[in-house]
Amino acid sequence: MLTFAPLKRRKMFNNRIKIKELLAMEPAGQEVIVMGWVRSFRNNQFIALNDGSTNNNIQVVAGLGQFGDELLKRITTSASLKVTGTIVPSLGKGQKMDLNATTIEILGDSDAEKYPLQLKNRPTLEYLREKAHLRFRTNTFGSVFRVRHALAFAIHKFFNDKGFVYMHTPIITGSDAEGAGELFRVTTLPFDKTPRSEDGSVNFKEDFFGRATNLTVSGQLEGELGATAFGDIYTFGPTFRAENSNTTRHLAEFWMIEPEMAFYDLEDNMNLAEEFIKYIIKYAIDNNKEDLEFLAQRLADEEKQLPQDKRSEMGLMGKLEFVLNNDFERLTYTDAIDILKESNYNKKKKFQYGITGWGMDLQSEHERYLVEKHFKKPVILYNYPGAIKAFYMRQNDDGKTVAAMDILAPGIGEIVGGSQREERLDKLEARMKEMHIPIEEMWWYLDTRRFGTVPHAGFGLGFERMVQFVTGMTNIRDVIAFPRAPGSAEF
Ligand code: 4AD
Ligand code: MG
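Here we summarise the structure given alongside this text.

Our focus in this paragraph is the overall build of the protein. What the protein contains, in helices and strands, is 14 helices and 16 strands. If one aligns the C-alpha atoms of the protein with their principal axes, the spans along those axes are about 85 × 60 × 55 Å. Per-residue burial over the protein gives 50% buried out of 491 residues. As displayed, the protein offers around 25,300 Å² of accessible surface, 52% of which is attributable to carbon and sulfur atoms.

For the rest of this paragraph, the subject is the sheet that holds strand β10 (residues 232-240). One open sheet accounts for eight strands, arranged β6-β10-β11-β16-β15-β14-β13-β12; its pairing is mixed. Edge positions in the sheet fall to β6 (165-166) and β12 (329-332), since each has one partner strand and no second. Relative to strand β11 (residues 253-262), β10 runs antiparallel, the two sharing nine bridges. Residue pairing in the sheet places Ile 233 in a bridge with Glu 260 of β11. Helix α4 (residues 139-161) rests against β6, β10 and β11 of the sheet, and its axis sits at about 150 degrees to β10.

Right, let's talk about the sheet that holds strand β7 (residues 172-173) for a bit. Pairing is antiparallel across the open sheet formed by three strands, whose spatial order is β7-β9-β8. Looking at strand neighbours, the two that pair on one side only are β7 and β8 (185-186), the edges of this open sheet.

Burial runs high along strand β16 (residues 456-462): seven of the seven residues are buried. Because side chains alternate across β16, one face comprises the buried residues His 456, Gly 458, Gly 460 and Gly 462, and the other comprises Ala 457, Phe 459 and Leu 461, equally buried. Pairing between β11 and β16: five bridges, direction antiparallel. Looking across to β16, one finds that Met 256 is bridged to Gly 462. Where strand β15 (residues 413-420) meets β16, five bridges bridge the pair, whose relative direction is antiparallel. Across the sheet, residue Gly 418 finds its bridge partner in β16, namely Phe 459.

On the surface, Ile 171, Ile 172, Phe 208 and Phe 209 cluster together to form a nonpolar patch covering roughly 390 Å² of accessible area. As for its position among the elements, Ile 172 is in strand β7. Residue classification places Ile 172 among the partly exposed positions, given a relative accessible area of 38%.

Right, let's talk about helix α7 (residues 289-303) for a bit. Taking 1.5 Å of rise per residue, 15 residues should cover 21 Å, and α7 covers 21 Å from first to last C-alpha, within 8% of that figure. When α7 is considered as a whole, its buried residues turn out to be Asp 291, Leu 292, Leu 295, Ala 296, Arg 298, Leu 299 and Glu 303. The buried side chains of α7 occupy one side of the element, clustering within an arc of 165 degrees when seen end-on. Here the buried face of α7 lies against α3 (125-130), α4, α6 (266-287), α8 (315-325) and α14 (463-471).

This model, assessed by the stated rule, comprises 26 salt bridges. We note a salt bridge from Glu 260 to Arg 421, for which the minimum N-O separation is 2.8 Å. Placement of the pair is Glu 260 in strand β11 and Arg 421 in the loop between β15 and α12 (425-434), with a sequence separation of 161 residues. The class for Glu 260 is buried, based on a relative accessible area of 2%. With a closest N to O distance of 3.2 Å, Lys 304 and Asp 301 form a salt bridge. Because the salt bridges share partners, they merge into one network encompassing Arg 129, Arg 135 and Asp 478.

Take the pairing of strand β3 (residues 58-61) next. The two faces of β3 match: Ile 58 and Val 60 on one face and Gln 59 and Val 61 on the other face are all buried. Bridge count for strand β2 (residues 46-50) against β3 is four bridges, and the pairing is antiparallel. Within β3, the residue paired with Phe 46 across the bridge is Val 61. Two elements, β3 and strand β5 (residues 97-108), share three bridges in a ladder whose sense is parallel. Within the sheet, the bridge partner assigned to Val 60 lies in β5 and is Leu 99.

Before going further, it helps to spend a moment on the side chain of Asn 288. Secondary-structure assignment places Asn 288 in the loop between α6 and α7. On the accessibility criterion, Asn 288 (9% relative accessible area) is buried. Apart from residues no more than four positions distant in its own chain, Asn 288 is found in contact with Arg 146, Val 147, Ala 150 and Tyr 283.

Right, let's get into a positive patch on the surface. Side chains of Lys 310, Lys 348, Lys 350, Lys 373 and Lys 376 sit close together on the surface and give a patch of like positive charge. Mapped onto the elements, Lys 310 comes out in the loop between α7 and α8. Using a relative accessible area of 56% as the deciding quantity, one classes Lys 310 as exposed.

Neighbouring ligand 1 are 24 residues, the closest being Glu 178, Gln 220, Arg 241, Glu 258 and Glu 414. Note that a nitrogen atom of ligand 1 is positioned 3.0 Å from one of the side-chain N or O atoms of Ser 218. At 3.5 Å from an oxygen atom of ligand 1 is found a main-chain nitrogen or oxygen belonging to Val 416. Protein contact buries 93% of the 630 Å² of open area that ligand 1 shows by itself. Those elements giving two or more residues to the shell around ligand 1 turn out to be β11, β15 and β16. Residue composition of the shell around ligand 1, grouped by class: eight nonpolar, eight polar and eight charged.

What counts and what doesn't
Residues numbered from 1 in each chain as written. Chains lettered and ligands numbered in written order. Predicted model: local features only at pLDDT ≥ 70, side-chain atom pairs only at ≥ 80, totals over all residues. Heavy atoms only, no water. Helix = DSSP H or I, 4+ residues; strand = E, 2+ residues; numbered from the N terminus. Buried < 20%, exposed > 50% of the residue type's maximum accessible area, 1.4 Å probe, protein only. Areas by Shrake-Rupley, 256 points an atom, 1.4 Å probe, with all protein chains shown as cover. Pairing = 2+ DSSP bridges. Contact = heavy atoms within 4.5 Å. Axes fitted to C-alpha atoms, helices over the stretch in contact; angles between N-to-C directions. Patch = residues over 30% accessible without salt bridge, like charges linked within 9 Å, V, L, I, M, F, W, Y side chains within 5 Å. Salt bridge = Lys/Arg side-chain N within 4 Å of Asp/Glu carboxyl O. Expected span 1.5 Å × (residues − 1). Arc of directions from axis to C-beta. Lys, Arg positive; Asp, Glu negative; His and termini not counted. Charge placed at Lys NZ, Arg CZ, Asp CG, Glu CD. Near = heavy atom within 4 Å. Polar contact = N/O pair within 3.5 Å; in protein donor to acceptor, adjacent residues only side chain to side chain. Nonpolar A, V, L, I, M, F, W, Y, C, P; charged D, E, K, R; others polar.

Pasting the structure below:
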């Protein structure tokens with residue numbers, strides 16, 4: 001085993017203990033150094049100090065008469081401090097220990113009058129979105145982003161433990177993987193003197209890459225190139241969609257996890273996706289219980305303002321446990337249409353978009369009906385009509401459907417989209433022609449079907465939707481640090 005000689009401990013600045021670790025100790029007069037930001041200062045004596053490692057603050061006691069007025073005046077909300085002191089069992093209620101300060105050093109002042117996040121009037125989530133640069137300093141966002149971190153870590157652990165290769169697919173690309181055309185163009189061409197071809201169209205040959213390029217909408221196509229060499233790969237990176245959807249579930253920049261597996265069919269794909277989702281939820285419960293319990297309480301408080309029938313039945317923790325302990329419901333698109341058609345909801349015309357019949361694309365209200373009203377658990381829908389799905393999905397023998405699957409989650413709707421891929425060159429080319437996908441430009445993709453093609457499958461999990469599901473945050477803009485959405489790219 002490799003071992004490293006420890007660095008000789010010289011006198012250094014960062015000799016602090018994190019508050020999370022500190023609060024786990026048994027206080028018996030140990031001397032410690034903490035650094036953090038002031039949450040509140042009571043009676044000119046009690047400082048609630050937070051360093052972001054946990055929502056719990058350490059109560060720093062500035063003994064009466066021990067510190068000058070000049071210093072005490074500077075202990076304001078969000079000022080940053082370095083405190084040296086000893087920890088002792090607390091006499092007060094609500095905390096296990098006090099940190100009796102021997103020295104307090106102000107690292108950075110904070111003008112209390114101007115600080116935008118005073119705790120007095122509890123700021124709304126909407127307000128905090130405008131102060132996204134500071135909102136990490138609140139309990140809600142502290143919890144959300146620690147859970148987000150844990151989920152990201154769990155994702156890497158899950159795939160690493162299974163021997164998947166983490167693959168970095170390009171951000172700038174010439175292809176539109178989903179064929180949906182919702183692309184952000186990447187160009188260095190001047191706007192005022194755009195070079196034109198003879199037919200008047202923009203001449204991208206003169207552009208930086210000598211061709212038209214855009215930000216990627218998905219790493220899947222490149223992922224397939226990896227899977228057909230390594231066997232199992234996954235990507236985990238940012239993806240970009242210029243869809244003009246101002247909803248609580250859409251972002252223009254979001255992170256996606258896309259595993260791609262050789263020698264997998266659709267059922268293998270569904271099995272992996274279900275195991276994966278359960279694994280990362282369990283990881284969060286095992287490692288972030290405190291944050292999740294805080295978020296569960298937050299959600300319960302938020303829902304108190306809703307009418308009874310709009311509140312969630314189980315609460316956040318109950319919902320997560322329920323997902324872990326139950327199989328996802330699996331049914332075909334065709335069966336789903338039948339259920340929807342026969343539903344009282346449809347008969348009473350409660351859907352905004354009526355159920356017109358087989359072949360229609362499902363709206364999120366339909367997906368949510370199936371998940372929240374009918375089955376009351378996550379649902380995997382599979383075998384969709386080919387006409388409403390992407391070109392690369394494997395054509396089923398019925399000549400109508402493709403081996404696609406979507407996973408729908410309560411409160412969110414679609415959280416995963418995936419499929420078995422069409423590995424037969426002739427069928428794939430025919431489909432691409434039908435859908436006007438430029439076959440010549442995709443020569444590299446088609447080469448995998450020419451040289452040792454194999455059955456393979458994969459899926460994409462929308463990371464922010466997953467974080468929403470686990471944290472119970474209703475708006476996707478509250479689970480990514482700096483949301484990008486139509487009309488909004490501040491910070
Ligand atoms: O269903 P989608 O479009 O599938 C793909 O991109 C495939 N290439 C995935 C694959 O098979 N490798 O997107 C996958 C997931 C969706 O289920 C959703 O969770 C999320 O990505 N997603 C979005 N999340 C936030 N904002 C948006 N605008 C999103 N669009 C899709
Ligand atoms: Mg989809």
